[in-house]
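In case you want the letters, here they are:
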There are 2 protein chains.
Amino acid sequence: MKSTLENFLEAIPQVNTLEHFQAATEELRDKLGLEHVVYHWVNSVGERFGAGTYSSEWVDRYLEKDYLRMDPVIFGCFQRFTPVNWKQLDWSTKAAKAFLVEAIDFGVGNQGYTIPIRGPHGQFALFTVNNTASDADWEAFIDAYGRDLIIVGHEFNKKALEFEAGDTALPTPSLSPRELMAISYLAKGLSRAQAAQEMGISEHTLRVYIEAARHKLGALNTTHAVARALSTGVIIV
Amino acid sequence: MKSTLENFLEAIPQVNTLEHFQAATEELRDKLGLEHVVYHWVNSVGERFGAGTYSSEWVDRYLEKDYLRMDPVIFGCFQRFTPVNWKQLDWSTKAAKAFLVEAIDFGVGNQGYTIPIRGPHGQFALFTVNNTASDADWEAFIDAYGRDLIIVGHEFNKKALEFEAGDTALPTPSLSPRELMAISYLAKGLSRAQAAQEMGISEHTLRVYIEAARHKLGALNTTHAVARALSTGVIIV
DNA sequence: TAATGCCTCCCTATTTTGGGGGAGGGTGAA
DNA sequence: TTCACCCTCCCCCAAAATAGGGAGGCATTA
């Protein structure tokens with residue numbers, strides 16, 4: 001790789017603390033001459049972790065207003081696989097426009113490139129680079145660094161997963177094949193009776209699987225069990 | 001990028017048919033002097049799609065025996081984020097050993113490197129390179145090409161997503177804020193009564209939201225609605 | 001061998017959802 | 001303004017799911 005990022009990438013494995021992680025985002029920002037570099041994620045139990053160069057005021061404001069729920073970047077990344085150039089998103093709603101204006105007020109650049117990263121167990125992370133630049137300059141930057149940034153995002157995510165593994169090693173519940181089938185059918189919208197028929201067993205038996213799965217998944221009811229099974233990746237719709 | 005793969009990567013956007021996709025796997029195999037290059041995936045409705053250089057006999061055998069359910073490579077990739085070097089996997093069970101022997105019988109090389117790729121809506125794909133080689137040679141190969149292969153896998157996946165999008169262009173339903181809240185609470189395991197209390201409205205009203213969301217999502221029941229909301233990304237966690 | 005986990009079936013009772021109806025007031029866009 | 005969509009509330013009743021409790025057979029494995 002010709003890239004300026006080669007040395008940076010090789011240094012990532014040595015990142016061992018959150019402070020160091022934070023420092024890495026700052027280093028990358030300076031190396032690339034950007035305004036912001038941010039990595040953040042949401043894990044399967046809704047905990048959030050982030051490191052990056054946004055001002056703490058903006059982060060606080062963002063969390064306070066629960067912008068996660070309307071941020072077009074989050075929305076775009078959630079629905080796509082490929083990196084998202086902010087300019088390509090739909091900023092037409094009033095709320096989105098106001099959000100963008102406010103973000104820029106808080107020192108966020110007008111151009112951004114966010115890479116969605118998906119891990120096991122429904123893990124979802126975002127790696128963002130941000131700057132104030134013309135459309136043409138930004139295009140050129142993305143052309144030059146887009147692919148490398150994907151690799152950097154992945155390396156960051158690998159690190160973040162290591163941190164989590166150390167913190168909260170949550171054992172993925174292992175459902176039996178029949179339990180998986182039962183939950184899968186419910187996720188597809190079948191009633192218990194239909195699912196039982198589909199599996200060629202009595203509804204009573206099916207119910208036992210659902211209950212077992214519910215307990216293994218730590219779920220409060222069937223809907224919750226299906227939700228957890230989906231978001232932890234034990235079933236695929 | 002210094003890599004031999006630069007030209008190859010630039011050609012991927014021109015891939016427009018499944019035959020061409022297949023040809024691309026063969027081209028990559030030849031370019032890198034490998035025995036096999038395989039891309040395959042499972043989408044959100046359980047359809048499978050694959051292209052690669054494994055013999056059709058091995059693919060048939062694999063599907064017939066439903067090896068998907070016990071293949072250690074699949075298992076490893078499901079649980080991890082980072083690429084999997086086959087040698088690092090747990091091949092200790094009898095079934096796994098027999099599986100590996102059989103695979104080699106069918107012309108699969110002893111060394112493999114598989115990259116898990118996760119997309120929106122629960123999409124999960126695997127990109128595998130495979131060869132017969134010594135451990136040291138294989139290590140060297142992965143050192144040299146590992147990162148580029150991640151990019152190649154992503155480009156393949158982008159193409160595969162385009163193919164699917166052409167097939168089944170499903171418009172993402174737009175739920176109202178209250179509908180989203182309602183569905184989110186249910187996904188968290190609350191009953192209608194609890195969710196209503198949480199939202200400060202009567203249970204009757206909440207029910208109206210659930211029903212509206214159900215219809216918008218084309219769901220057969222509440223559980224189905226939550227499942228669809230999660231897997232299409234309209235709600236998080 | 002004993003233990004564990006899986007698969008299958010059954011009971012009763014209570015609680016929760018689902019599918020139909022309604023009604024009124026608000027906001028935003030064409 | 002009219003139209004559409006959102007938010008809020010209410011009725012009834014049938015259907016489905018939930019929470020407990022059982023039981024036996026069949027693998028695998030410690």
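Residues numbered from 1 in each chain as written. Chains lettered and ligands numbered in written order. Predicted model: local features only at pLDDT ≥ 70, side-chain atom pairs only at ≥ 80, totals over all residues. Heavy atoms only, no water.

S.K.: Explain the protein's contact with DNA strand D to me, please; I cannot follow it from the model alone.
M.R.: Among the 19 residues in the neighbourhood of DNA strand D, the closest are listed as Arg192, Arg214 and Thr222 of chain A together with Ser176 and Tyr209 of chain B. In the interface set of DNA strand D, defined as its atoms within 4 Å of the protein, sugar plus phosphate atoms amount to 68%. With respect to DNA strand D, the backbone of Ser202 of chain B contributes an N or O atom lying 2.7 Å from a phosphate oxygen. In this structure, Lys216 of chain B approaches DNA strand D through a side-chain N or O atom, which is 3.2 Å from a phosphate oxygen. Listed by contribution, the elements that provide at least two residues to the surface near DNA strand D are α9 (203–217) of chain A together with α7 (177–187) and α9 (203–217) of chain B. A total of 6 residues in the surface near DNA strand D trace back to one element, the largest contributor, which is α9 of chain B. Class assignment for the residues of the surface near DNA strand D results in 5 nonpolar, 7 polar and 7 charged. (Near = heavy atom within 4 Å. Polar contact = N/O pair within 3.5 Å; in protein donor to acceptor, adjacent residues only side chain to side chain. Helix = DSSP H or I, 4+ residues; strand = E, 2+ residues; numbered from the N terminus. Nonpolar A, V, L, I, M, F, W, Y, C, P; charged D, E, K, R; others polar.)

S.K.: Mind showing me how you'd approach the packing of helix α7 (residues 177–187) of chain A against helix α10 (residues 222–231) of chain A here?
M.R.: Helix packing geometry: the angle between the two helix axes and the distance between the axes. Residue and element names in this part refer to chain A. Axis separation between α7 and α10 bottoms out at 10 Å; the angle between their running directions is 100°. Of the possible angle classes, the one that applies to α7 and α10 is roughly perpendicular. Residue-level inspection shows Ile183, Leu186 and Ala187 of α7 in contact with α10, the latter providing Thr222, Ala225, Val226 and Ala229. Its residues assigned to classes, the contact of α7 with α10 shows 6 nonpolar, 1 polar and no charged. (Axes fitted to C-alpha atoms, helices over the stretch in contact; angles between N-to-C directions. Parallel < 35°, antiparallel > 145°, perpendicular 65-115°, else oblique. Contact = heavy atoms within 4.5 Å.)

S.K.: Is there a simple way to explain the packing of aromatic side chains in this structure?
M.R.: Each aromatic ring pair is described using two quantities: the centre-to-centre distance and the angle formed by the ring planes. Residues and elements named next belong to chain A. Under the counting rule described, the total for this entry stands at 29 aromatic pairs over all chains. Seen in terms of ring centroids, Phe21 and Tyr39 are 5.6 Å apart; in terms of plane orientation they differ by 45°. Their pairing is tilted. Of this pair, Phe21 sits in helix α2 (residues 18–32) while Tyr39 sits in strand β1 (residues 36–42), and the two are 18 residues apart along the sequence. A relative accessible area of 2% places Phe21 in the buried class. Judged by relative accessible area, which is 0%, Tyr39 ranks as buried. Linked through ring pairs, Phe8, Phe21, Tyr39, Phe127, Phe156 and Phe163 together constitute an aromatic cluster. (Phe/Tyr/Trp six-rings, centres within 6.5 Å; stacked < 30°, edge-to-face > 60°. Buried < 20%, exposed > 50% of the residue type's maximum accessible area, 1.4 Å probe, protein only.)

S.K.: Help me understand the protein's contact with DNA strand C, please; the structure alone is not making it clear to me.
M.R.: If you check the shell around DNA strand C, you find 17 residues, and the closest are Ser176 and Tyr209 of chain A together with Arg207, Arg214 and Thr222 of chain B. Here DNA strand C approaches the protein such that, of its atoms within 4 Å, sugar and phosphate make up 63%. Side-chain polar atom of Lys216 of chain A to a phosphate oxygen of DNA strand C: 3.5 Å apart, as the coordinates give it. One nitrogen or oxygen atom from the side chain of Arg207 of chain B is found 2.4 Å from a base oxygen belonging to DNA strand C. Of all the secondary structure elements, the ones that give two or more residues to the surface near DNA strand C are α7 and α9 of chain A together with α9 of chain B. Per-element accounting of the surface near DNA strand C gives the leading share, 6 residues, to α9 of chain A. Partitioning the surface near DNA strand C into residue classes produces 4 nonpolar, 7 polar and 6 charged.

S.K.: What is the right way to look at the packing of helix α8 (residues 192–199) of chain A against α9 of chain A in this model?
M.R.: Residues and elements named next belong to chain A. At a closest axis distance of 9 Å, the pairing of α8 and α9 adopts a crossing angle of 105°. In this view, α8 runs roughly perpendicular relative to α9, as classed from their interaxial angle. Taking contact as the criterion, the partners of Arg192, Ala193, Ala195, Ala196 and Met199 in α8 are, on α9, Glu203, Leu206, Arg207 and Tyr209. A breakdown of the residues in the contact of α8 with α9 according to their chemical character gives 6 nonpolar, no polar and 3 charged.

S.K.: Mind showing me how you'd approach the pairing of β1 of chain A here?
M.R.: Consecutive side chains along a regular strand alternate between the two faces of the sheet. Residues and elements named next belong to chain A. Counting buried residues in β1 gives 6 out of 7 residues, a clear majority hidden from the surface. Pairing of β1 with strand β5 (residues 124–131) involves 7 bridges; the strand directions are antiparallel. Bridging from a neighbouring strand, His40 pairs with Leu126 of β5. (Pairing = 2+ DSSP bridges.)

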